[in-house]
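A look at the structure
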Amino acid sequence: MKALVIGGSSAIGEGIIRQLAAEGHQVTFTYNSNASKAEALCQDIGNDSRAVQLNLADPAAVDAFLAALTANDTPDVLVNVAGVTHDALSVGSIGSALSQVHTINYLSPATICARIAELMMPKRQGAIINITSIASRFPRAGNAAYGSAKAALERFTASLTLEVARFKVRTLCIAPAFVDTPMFREFAKGQDKEIIRSLPLREILAVDDVANTVMAFVRGDIKTTGITLALTNGQPVL
Amino acid sequence: MKTQEIALIAANVMYIDDVNEIDVSRSLFNDYSMSSLDFVDFAFELKSTSGKDFSPDQLWPVNTMMSNPEFYSSGKWTDAGKTELVRVFAGYTELQDGQLNSEALHNLFSVNYIQHRLAAM
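Residues numbered from 1 in each chain as written. Chains lettered and ligands numbered in written order. Predicted model: local features only at pLDDT ≥ 70, side-chain atom pairs only at ≥ 80, totals over all residues. Heavy atoms only, no water.

Right, let's get into the interface of chain B and chain A. In this complex, chain B contributes eight residues to the contact, which on the side of chain A involves seven residues. Taking both sides of the interface into account, the surface hidden between chain B and chain A amounts to around 630 Å²; carbon and sulfur atoms contribute 55%. Among the residues of chain B in contact with chain A, B:L37, B:D41 and B:F44 are the three that bury the most area, contributing 78% of the side total. Across the pair A:R166 and B:D38 runs a salt bridge whose closest N-O atoms are separated by 2.9 Å. One can count five residue pairs in polar contact (both at pLDDT 80 or more) joining chain B with chain A. Considering each element in turn, the side of chain B that touches chain A owes the most residues, six residues, to helix α2 (residues 36-50) of chain B. (Contact = heavy atoms within 4.5 Å. Buried area = accessible area lost by both parts, 1.4 Å probe. Salt bridge = Lys/Arg side-chain N within 4 Å of Asp/Glu carboxyl O. Polar contact = N/O pair within 3.5 Å; in protein donor to acceptor, adjacent residues only side chain to side chain. Helix = DSSP H or I, 4+ residues; strand = E, 2+ residues; numbered from the N terminus.)

By size, the foremost hydrophobic cluster in this structure holds 62 residues, and its most contacted members are B:I22, B:L28, B:F42, B:F89, B:F109 and B:I114. Here this core gets seven residues from one element, more than from any other, and that element is helix α4 (residues 95-120) of chain A. Those residues in contact with B:F42 that sit more than four places away from it in its chain are B:I6, B:I9, B:A10, B:V13, B:L28, B:M34, B:F109 and B:I114. Of all hydrophobic cores here, the second largest spans 32 residues; its members include A:L20, A:C42, A:V210 and A:V218. (Core = buried A, V, L, I, M, F, W, Y, C linked by side-chain atoms within 4.5 Å. Buried < 20%, exposed > 50% of the residue type's maximum accessible area, 1.4 Å probe, protein only.)

With that out of the way, let us pick up the environment of A:Q26. All names here are of chain A. Within the secondary structure layout, Q26 lies in strand β2 (residues 26-31). The class of Q26 is partly exposed, set by a relative accessible area of 30%. Considered as a pair, Q26 and K2 are 24 residues apart in the sequence and their alpha carbons are 4.8 Å apart. In contact with Q26, other than residues within four places in its own chain, are M1, K2, A3, N47 and D48.

Turning to the packing of aromatic side chains, a few remarks are in order. Residues and elements named next belong to chain B. If you walk through the whole model with that rule in mind, you get 16 aromatic pairs over all chains. Measuring from centroid to centroid gives 5.5 Å for F89 and Y113, while their planes differ by 45°, and the two rings are tilted. One end of the pair, F89, is in helix α5 (residues 79-89); the other, Y113, is in helix α7 (residues 111-120), with 24 residues separating them in the sequence. Here F89 and Y113 have matching classes, each one buried. Site record: aromatic cluster; members linked through ring pairs are F29, F39, F42, W60, F89, Y92, F109 and Y113. (Phe/Tyr/Trp six-rings, centres within 6.5 Å; stacked < 30°, edge-to-face > 60°.)

See below:
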């Protein structure tokens, strides 16, 4: 079984890669800038894993990466986990930032989904998993760009689901709330305790909580397609 | 491939119980309501059964051509587009001016056309 993980050098990406490899997947993953970490991860997990540099902010690079894929490269599993946060008010001259956030969090992952789905369909199997965010459901001052990009990816995935379902390609969006990652600590700016205190469960997710959900879907333990599954810190999502 | 093999694949894809309901000269798009997803499914099955390597667009290039401004622009086929259409249907039918619209072209997508197209690949 082959897996392609877009964004393998993030904490969540690494957690997912490790679990995929542990269950026998030959993993190809992309990274943006941390080549040494990617190489170390490859060495660590073995199993013919491969790391490829890819900048999701560069649509031409994404197109070139996808154009080089052949039917023999078709993964059984695609996980889009790469993303970038952007916490800023959505007033004023936001065009450039909005474009970049949407390119990385929505346009590139959607483009990758579309191409990989095309490769999976003739084989009549495949699992496409997009890691989105609970920010898509919970508007907050400062998260318009990030939240709307993740919402767009969820909406895109929903329509894609209808087009690939008969070919037995299944999709899932996983929308985590706060996860214990460097991205969370950067967001918290030292206010970790205050944030956790404000959460209904008074705890944040671990990386493996997300990875476990990915694996449950890949194994077929979650028998669904086309939904967004929210992994929350206790906030009800209706 | 024989027309009956092709018709059977079409019938299976469209959940038509009796393959004899498919007239091999009638349009699968216009007369049997083959959807765009049915078409992709149909092309995959034909590819698998025929052993030939082709994409759905190669089986029926007209839709892709219509989104290419070199071939189709301002609601009309360009000269290059007309030349390409003639090439696509060469040996199957000679296109008349009245057939240069989407519906008339879709009328040509029959089992007979597919047999011809596959043989030409």
